[in-house]
Amino acid sequence: MEKILEVKDLKVTFDTYGGSVQAVRGVNFDLRKGETLAIVGESGSGKSVTTKALMGLIPNPPGRIESGEILFDGKDLTKLKDKEMSKIRGRDISMIFQDPMTSLNPTMKVGNQIMEGLIKHQKMGKAKAKERAIELLELVGIPNPKERIEQYPHQFSGGMRQRVVIAIALACNPKILLADEPTTALDVTIQAQILELMKDLQQKTDASIIFITHDLGVVANVADRVAVMYAGKIVEIGTVDDIFYNPKHPYTWGLLGSMPTLDSGEDQLIAIPGTPPDLIHPPVGDAFAPRNPYVMKIDTEMEPPMFKVSDTHYAATWLLHEDAPKVEPPAAVKRRMQGFAKTGELAEEFIEKGDES
Amino acid sequence: MSQEKLLEVKNLKQYFKTGRHSIVKAVDGITFDIKKGETFGLVGESGCGKSTTGRTIIRLYDATDGEVLFNGEDVHNKKSKTDLKKFNRKMQMIFQDPYASLNPRMTVKEIISEGLDIHGLVKDDKERTARVRELLETVGLNKEHANRYPHEFSGGQRQRIGIARALAVEPEFIIADEPISALDVSIQAQVVNLMKELQKEHGLTYLFIAHDLSMVKYISDRIGVMYFGKMVELAGSDELYKNPIHPYTKSLLSAIPLPDPDYERSRKRIAYDPATHDTSEEPEFREIRPDHWVLCTTKEFEQYKADLENK
């Protein structure tokens, strides 16, 4: 598939009184046309900072892109001037933010907020932009769009507001959509609606999506490929099946193990012990070593490179080195992988019911 | 888990005035009981009244109507200070936001020992320090943490401090209002495991309020599903997930994304349409199977029952 975006060795640092926080420490990935790449990781793992860098939204100071390239459309976005970047932002690359309560302007009518980008980027006239805004609201499933564009954000519910945010992001037919935890603030039923909407719109517009979340259930639902981030680096990347059915990195095992499935008979969740490292003084060697139950001597001395598992699947852990002892994922994680087959049956039940109604 | 009831909630109502003529019926006549040593999960979407239920039980709000019996005694009719104090010791709460629920001007020791002092559980500072250290260790923190301030801790650690504070007065019953929803996935598991261990060691009873249905399923013995201030279904957690009866429960369960791509590819969401209900009479909470309750009318009751048998 055609690559639409390439990120090479991206490093982002924030200068604070306590020292320089190395929030992103050398991230490499590419995004292909029409795919959804999910980035998962704990808070502080650098997933939001990575996407902010893509949008040119790292506040400087205190933040700066220390090195690396972001290649889009033959241009390196890290080298662009503010003015050039603002032409791309909102037109070619746009963003859906986490909290629909705060990402809309409360003093502006919803319609005007959607029209803003259209008038600026596509040089549309007001009347035409308004027409398009009504179309967009209809597209994202808001009833009575003609009346709704004259309303203010507080007159919308949380789920409806997130639909408005999506409409704004889609206004200029972007090639890349960055979604930073777009459903975290929403209820499960509303979340399901928004995810369905996003998948539907992606099919219609063929946009590529980078989807940031910490909810592995959501990842399994939306992603084609998954990148797992830890302490400012991607530690494992692969297709959604690679990551869920054949995970290789102990951190990925930990993440999968700490989520309950709906099967009965689980006695304990596998918690990852400890807390993420301090990125002012990142540890020498593998940053995950202090929390890794399979830690080896080399983990504390040298950083593991990306080992190739298959053409689509890479992981950065010394466990994949040919000299490393062969370790199996924890029994509970393995049982979970098999247990997933059981939830498959549950799925059939829902399909039947779905057909009935 | 014994069959003895620790908490009985009878027809509890909590209305809020939102204007001169409008009221919000946040909790509108719910009835359930919690047995000694069990974890009772309360789920529902935001605004369904699950948090209000928890807060009314512990008397953060005065109930509009209904009764809450704790160990057979009516909680909301207690008037005298000593009675109240006795009750407050037995029921404690863990809050959702570990950033907002700890006083930033107090050290961890002051936070944890406040309850000890109020209830006169320690004689002097030496005893107080010892007890605080013991509590910190119980929840997996170090005794060195006692003199630090909340801002020096991560979210997961703060939630542990909140748990230590709740445990300090040796309660029998803990209301946990979304205790893990503000935490990272890996930390959520740590806190849930800790709560389970503490339950075993201290014989605690929990009311666990959450919107994350997979976590609720994991931790709870029985689960109540709330919708717009009413409880629509109540059953053992396995039974509820295996045989959901109320259309709202079905819709809620079908909306949970699971960490399994194959399942996700085939999952179909069931939308809930309240208009499909039979409106010929006021729905009532009925027992459709032993220990499985559903809010329904007589007609619906027969239909649900038939559906269950044909399964």
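In every chain, residue numbers begin from 1 and rise along the written sequence. Whichever chain is written first becomes A and whichever ligand is written first becomes 1, with later ones labelled in order. The model is predicted, so local features are restricted to residues of pLDDT at least 70 and side-chain atom pairs to those at 80 or more, both for listing and for counting; the totals for chains, interfaces and linings are taken over all residues. Note that the side-chain values use all heavy atoms of the structure and ignore hydrogens as well as water.

Chain B is annotated in an unreviewed UniProt entry as Oligopeptide transport system ATP-binding protein of Salirhabdus euzebyi. UniProt positions are given in the numbering used here, feature names are shortened, and annotations may be inferred rather than shown by experiment. The record in UniProt for chain B states the following under Sequence similarities (unreviewed entry): "Belongs to the ABC transporter superfamily."

Within an unreviewed UniProt entry, the label attached to chain A reads Oligopeptide/dipeptide ABC transporter ATP-binding protein, and the organism entered is Salirhabdus euzebyi. The UniProt entry for chain A carries the following comment under Subcellular location (unreviewed entry): "Cell membrane". Under the Sequence similarities (unreviewed entry) heading, UniProt states for chain A: "Belongs to the ABC transporter superfamily."

Colleague: Teacher, can you tell me more about the environment of Ile243 of chain A here?
Modeller: Residues and elements named next belong to chain A. Put simply, DSSP H or I for four residues or longer makes a helix, DSSP E for two residues or longer makes a strand, and each gets a number counted from the N terminus. Within the secondary structure, Ile243 is located in helix α9 (residues 240-245). To sort residues, take the accessible area from a 1.4 Å probe on protein chains only and compare it with the maximum for the residue type: under 20% means buried, over 50% means exposed, and anything in between is partly exposed. Overall, Ile243 belongs to the buried group, its relative accessible area being 3%. Remark: the alpha-carbon pair of Ile243 and Ala220, spanning 23 residues in sequence, is separated by 9.5 Å. Ignoring anything within four residues of it in the chain, the contact list for Ile243 reads Val226, Val228, Glu236, Ile237, Gly238, Thr252, Leu256 and His313. Whether two residues are in contact is decided by their heavy atoms, any of which lying within 4.5 Å being enough.

Colleague: Could you clarify how one ought to interpret the packing of aromatic side chains in this entry?
Modeller: Two numbers describe a pair of aromatic rings. These are the distance of the centres and the angle of the planes. Classification of ring pairs uses Phe, Tyr and Trp, with its six-membered ring standing for Trp, and accepts pairs whose centres are within 6.5 Å; under 30 degrees between planes counts as stacked, over 60 as edge-to-face, and the remaining range as tilted. Counted under the stated rule, the structure contains 14 aromatic pairs over all chains. Each ring, one from Trp253 of chain A and one from Tyr294 of chain A, has its centre 5.4 Å from the other, and the planes form 85 degrees; the classification is edge-to-face. Here Tyr294 of chain A lies in the loop between α10 (250-257) and β11 (307-308) and Trp253 of chain A lies in helix α10, a separation of 41 residues in the sequence. Look at Phe70 of chain B and Phe173 of chain B: their rings are 6.2 Å apart centre to centre, the planes differ by 40 degrees, and that puts the pair in the tilted class. Placement of the pair is Phe70 of chain B in strand β4 (residues 65-70) and Phe173 of chain B in strand β7 (residues 173-177), with a sequence separation of 103 residues. A single burial state applies to Phe70 of chain B and to Phe173 of chain B, both of which are buried.

Colleague: I keep staring at the pattern of salt bridges and nothing clicks. Help me out?
Modeller: Pairing between side chains of opposite charge can happen when their charged atoms approach one another. We define a salt bridge as a contact between a side-chain nitrogen of Lys or Arg and a carboxyl oxygen of Asp or Glu at a distance within 4 Å. Evaluation of the coordinates by the stated rule reveals 41 salt bridges over all chains. Residues Glu303 of chain A and Lys233 of chain A are paired through a salt bridge, measuring 2.0 Å at the closest nitrogen-oxygen approach. Here Glu303 of chain A is found in the loop between α10 and β11, whereas its partner Lys233 of chain A is found in strand β10 (residues 233-239), with 70 residues between them in sequence. A relative accessible area of 22% places Lys233 of chain A in the partly exposed class. Measuring nitrogen to oxygen at the nearest pair gives 3.1 Å for the salt bridge that ties Asp28 of chain B to Lys230 of chain B. One end of the pair, Asp28 of chain B, is in strand β2 (residues 23-35); the other, Lys230 of chain B, is in strand β10 (residues 230-236), with 202 residues separating them in the sequence. Overall, Asp28 of chain B belongs to the buried group, its relative accessible area being 16%. Using a relative accessible area of 27% as the deciding quantity, one classes Lys230 of chain B as partly exposed. Among the charged side chains, a network of salt bridges with common partners joins Lys3, Asp30, Arg32, Glu35 and Arg225 of chain A.

Colleague: Just checking my understanding: could you explain the UniProt feature "domain: ABC transporter" (unreviewed entry) in chain A for this structure?
Modeller: Here the UniProt feature "domain: ABC transporter" (unreviewed entry) sits at residues 5-256 of chain A. The span residues 5-256 of chain A carries 38% helix and 28% strand; its end-to-end C-alpha distance comes to 28 Å.

Colleague: Quick question: what am I supposed to make of the interface of chain A and chain B here?
Modeller: Interface extent is often summarised as the accessible area lost during association of the parts. Each partner contributes to the interface: chain A provides 47 residues, whereas chain B provides 44 residues. Between chain A and chain B, roughly 4100 Å² of surface is buried when both sides are summed, and carbon and sulfur atoms account for 60% of that area. If you look at where chain A meets chain B, you find two salt bridges. In this structure, Asp241 of chain A engages Arg265 of chain B in a salt bridge whose closest nitrogen and oxygen atoms are separated by 2.7 Å. What qualifies as a polar contact is a pair of N or O atoms within 3.5 Å, subject to a donor-acceptor requirement within protein and to the restriction that residues adjacent in sequence count only when both atoms come from side chains. On inspection of chain A and its partner chain B, the count reaches nine residue pairs in polar contact (both at pLDDT 80 or more). Mapped onto the side of chain A that touches chain B, the elements with two or more residues apiece are α7 (188-205), α8 (216-222), α9 and α11 (331-356) of chain A. Two parts placed together each lose some accessible area; with a 1.4 Å probe, that loss summed over both constitutes the buried area.

Colleague: Sorry, what's going on with the environment of Gly125 of chain A here?
Modeller: Mapped onto the fold, Gly125 of chain A is located in the loop between α3 (110-121) and α4 (126-139). Taking the C-alpha atoms as reference points, Gly125 of chain A and Met115 of chain A, separated by ten residues in sequence, lie 9.6 Å from one another.

Colleague: Any chance you could explain the packing of α4 of chain A against helix α6 (residues 158-170) of chain A here in plain terms?
Modeller: Think of two packed helices as two axes; the pair is described by the angle between the axes and how far apart they sit. Residues and elements named next belong to chain A. At a minimum axis distance of 9 Å, the contact between α4 and α6 shows a crossing angle of 130 degrees. Taken together, the axis directions place α4 and α6 in an arrangement best described as oblique. Between α4 and α6 lies a crossing of right-handed hand. Residues Arg132, Leu136 and Leu137 of α4 touch α6, and the partners they reach there are Val164, Ala167 and Leu170. All axes here are fitted lines through C-alpha atoms, helices being fitted over the stretch that makes contact, and every angle between N-to-C directions spans 0 to 180 degrees. Note that the term roughly parallel is reserved for angles under 35 degrees, roughly antiparallel for angles over 145, roughly perpendicular for angles of 65 to 115, and oblique for everything else. Each crossing gets its hand from how the near helix is turned against the far one by less than a right angle, where anticlockwise is left-handed and clockwise is right-handed.

Colleague: Just to check I follow, could you spell out α4 of chain A for this structure?
Modeller: Residues lying three or four places apart along an α-helix face the same way, a consequence of the helix completing one turn every 3.6 residues. Residue and element names in this part refer to chain A. A helix is expected to span 1.5 Å for every residue after the first. Along its 14 residues, α4 runs 20 Å from first to last C-alpha, staying within 8% of the 20 Å computed at 1.5 Å per residue. Residues of α4 that are buried include every one of Ala129, Arg132, Ala133, Ile134, Leu136 and Leu137, and no others. Those residues of α4 hidden inside the fold are in contact with α3, α5 (145-148) and α6. Positive backbone phi, at 80 degrees, marks Gly141, one or two positions downstream of α4.

Colleague: Looking at this model, I keep getting lost on the confidence of the model for chain A. Mind explaining?
Modeller: A low pLDDT score tells you not to read the predicted coordinates there in detail. Confidence scores per residue from the predictor, reported as pLDDT, run from 0 to 100. Chain-level statistics for chain A give a pLDDT mean of 86 and a share of 92% at 70 or above. A low-confidence stretch, residues 341-357 of chain A (pLDDT under 50), is modelled with 26 contacts involving residues beyond four sequence positions or located in other chains.

Colleague: What's the story with the sheet that holds strand β5 (residues 73-74) of chain B in this structure? I'm lost.
Modeller: Strand pairing within a sheet occurs via backbone hydrogen bonds; the two strands may be parallel or antiparallel. Residue and element names in this part refer to chain B. Whether two strands pair depends on DSSP finding at least two bridges between them. Read across the open sheet, the four strands follow the order β2-β1-β4-β5; overall the sheet is antiparallel. Strands at the two margins of the open sheet, each flanked by one partner only, are β2 and β5. Both strand β1 (residues 5-17) and β4 contribute to a ladder of five bridges, which runs antiparallel. Paired with Glu8 across the two strands is Leu69, which belongs to β4.

Colleague: I would appreciate a short explanation of the pairing of strand β8 (residues 208-213) of chain A in the present structure.
Modeller: If a strand is regular, its side chains alternate between the two faces of the sheet. Residues and elements named next belong to chain A. Judged by how many residues are buried, β8 sits mostly within the fold: six of six residues are covered. Burial along β8 is two-sided: Ser208, Ile210 and Ile212 facing one way and Ile209, Phe211 and Thr213 facing the other are all buried. Bridge analysis of strand β3 (residues 36-40) against β8 gives five bridges, and the strand direction is parallel. Looking across to β8, one finds that Leu37 is bridged to Ile210. With five bridges connecting them, strand β7 (residues 176-180) and β8 associate as parallel partners. Bridging from a neighbouring strand, Leu178 pairs with Ile210 of β8. As for the winding sense of the linkage, the β-α-β connection from β7 through α7 to β8 is right-handed. Here is how to tell: hold the view so the strands point away, follow the path from the first strand over the helix to the second, and if it runs clockwise the crossover is right-handed.

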